[in-house]
Amino acid sequence: LALQYMGDYEGAADCFRTSLYLLDGLREPRLVGMSQFNLIGCLQDAGRSMEAAALIPDARRIMEQVGTRSDQRRLRWTEGKVAASLGRYAEAEDAFRELRRIFVEDGIAFEAALVSLELATLYMRQRRIEETKRLAAEILPIFQSREVYREALAALIVFQQAAEME
């Protein structure tokens, strides 16, 4: 994790890959799932999206069996990011919309806003300006309705203004 936090995604991926051979999946299956999840994230961050995508089905199977609801959401989010980086925009949009709906329903405003920004970024990549503007307008009340850091709210307002200006 220290390597990952320092931005050495290749080194972190090597460590997580090695950990999968060292962990006992029968005794600590969730730890194996989390290690696999972290490996996927590092591969994605290192620009190795195809490799990350290949590991998602196995990680999903593990997380469905032993992961928490939060683990499953984090994997779904990463799945959306991987799909977006591979140009599978419809798949990424489905993941981000699903997560956004869940976070809003559960009252997890900050996560809802963050995944909304992922969705807005996806729209911008596709030059879907009207949807980006609508989404930016929808995100602002989510941020304002909860205790969200002033800097995050300010960044969102700048994003909203940029979307309006196209």
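Per chain, residues are indexed from 1 in the order of the written sequence. Only residues with pLDDT of at least 70 are given local features in this predicted model, and only at 80 or more are side-chain atom pairs given and counted; all residues enter the totals for whole chains, interfaces and linings. The side-chain values count all of the structure's non-hydrogen atoms but skip hydrogen atoms and water molecules.

Right, let's get into the overall build of the protein. By definition, any uninterrupted DSSP run of H or I lasting at least four residues is a helix, any uninterrupted run of E lasting at least two residues is a strand, and each is numbered from the N terminus. When helices and strands are counted, the protein shows 9 helices and 0 strands. The classification of residues rests on relative accessible area computed with a 1.4 Å probe and restricted to protein chains. Under 20% of the type maximum is buried, over 50% is exposed, and intermediate values are partly exposed. When the 166 residues of the protein are sorted by exposure, 41% land in the buried category. Any two residues whose heavy atoms approach within 4.5 Å are treated as being in contact. Relative to all contacts within the protein whose residues are 6 or more apart in sequence, the contacts with residues 24 or more apart total 54%.

All right, on to the packing of helix α5 (residues 69-85) against helix α7 (residues 109-125) then. Orientation of α5 relative to α7, taken along the N-to-C sense of each, is 10°, at an axis distance of 11 Å. Our classification of the angle between α5 and α7 gives roughly parallel. Where α5 abuts α7, its residues Trp-77, Lys-81, Ala-84 and Ser-85 lie against Glu-111, Leu-114, Val-115, Glu-118, Leu-122 and Arg-125. With axes taken as lines fitted to C-alpha atoms, and helix axes fitted only over the stretch in contact, angles between N-to-C directions fall between 0 and 180 degrees. Note on terminology: angles under 35 degrees are roughly parallel, angles over 145 are roughly antiparallel, angles of 65 to 115 are roughly perpendicular, and the others are oblique.

The working definition used for a salt bridge is a side-chain nitrogen of Lys or Arg within 4 Å of a carboxyl oxygen of Asp or Glu. This structure, assessed with the given rule, holds 17 salt bridges. In this structure, Glu-79 engages Arg-60 in a salt bridge whose closest nitrogen and oxygen atoms are separated by 2.4 Å. Residue Glu-79 is found in helix α5, and its partner Arg-60 is found in helix α4 (residues 49-66); the two are separated by 19 residues along the sequence. We classify Arg-60 as partly exposed; its relative accessible area is 31%. A salt bridge links Arg-76 to Glu-98; the shortest N-O distance between them is 2.9 Å. Here Glu-98 lies in helix α6 (residues 89-105) and Arg-76 lies in helix α5, a separation of 22 residues in the sequence. When salt bridges that share partners are traced, they join Glu-10, Asp-14, Arg-17, Arg-48 and Glu-51 into one network.

Any residue range with low pLDDT should be treated as having predicted coordinates unsuitable for detailed reading. Per-residue confidence for the protein averages 87 on the pLDDT scale, and 85% of its residues sit at or above 70. Confidence of the predictor at the level of single residues is given by pLDDT, which spans 0 to 100. Per-element confidence in the protein is highest for α5, whose mean pLDDT is 96, and lowest for helix α9 (residues 150-165), whose mean pLDDT is 63.

So, about helix α2 (residues 9-22). Its 14 residues give α2 an end-to-end C-alpha distance of 20 Å, which sits within 8% of 20 Å, the value for a rise of 1.5 Å per residue. Taken as a whole, α2 has its buried residues at Gly-11, Ala-12, Ala-13, Phe-16 and Ser-19. Where α2 is buried, its residues meet α1 (2-5) and α3 (29-45). Expected helix span is computed as 1.5 Å times (number of residues minus one).

Quick look at unusual backbone geometry now. Trans is the common state for peptide bonds, and a negative phi is the common state for residues other than glycine. Even without being glycine, Arg-127 reaches a positive phi, approximately 60°. By the element assignment, Arg-127 lies in the loop between α7 and α8 (129-145).

Take the environment of Arg-134 next. The topology assignment puts Arg-134 in helix α8. Spatially, the C-alpha atom of Arg-134 lies 9.3 Å from that of Ala-120, the residues being 14 residues apart in sequence.

Turning next to the packing of aromatic side chains. Put simply, two rings from Phe, Tyr or Trp (the six-membered ring, in Trp's case) pair if the centres are within 6.5 Å, and we call them stacked under 30 degrees between planes, edge-to-face over 60, tilted for the rest. Going through the model one piece at a time under the given rule, you end up with 1 aromatic pair. When the ring of Trp-77 is compared with that of Phe-103, the centres are 5.9 Å apart and the planes differ by 50°; the resulting orientation is tilted. Residue Trp-77 is located in helix α5, and its partner Phe-103 is located in helix α6; the two are separated by 26 residues in the primary sequence. Classification of Trp-77 by relative accessible area gives buried; the value is 12%. We classify Phe-103 as buried; its relative accessible area is 4%.

Disulfides are defined as pairs of cysteine sulfur atoms found within 2.5 Å of each other. The full count for this structure, using the stated rule, is 0 disulfides. We note that Cys-15 lacks a disulfide partner, and the nearest cysteine sulfur, in Cys-42, lies 9.0 Å from it. Exposure remark for Cys-15: the relative accessible area of 46% places this residue in the partly exposed category.

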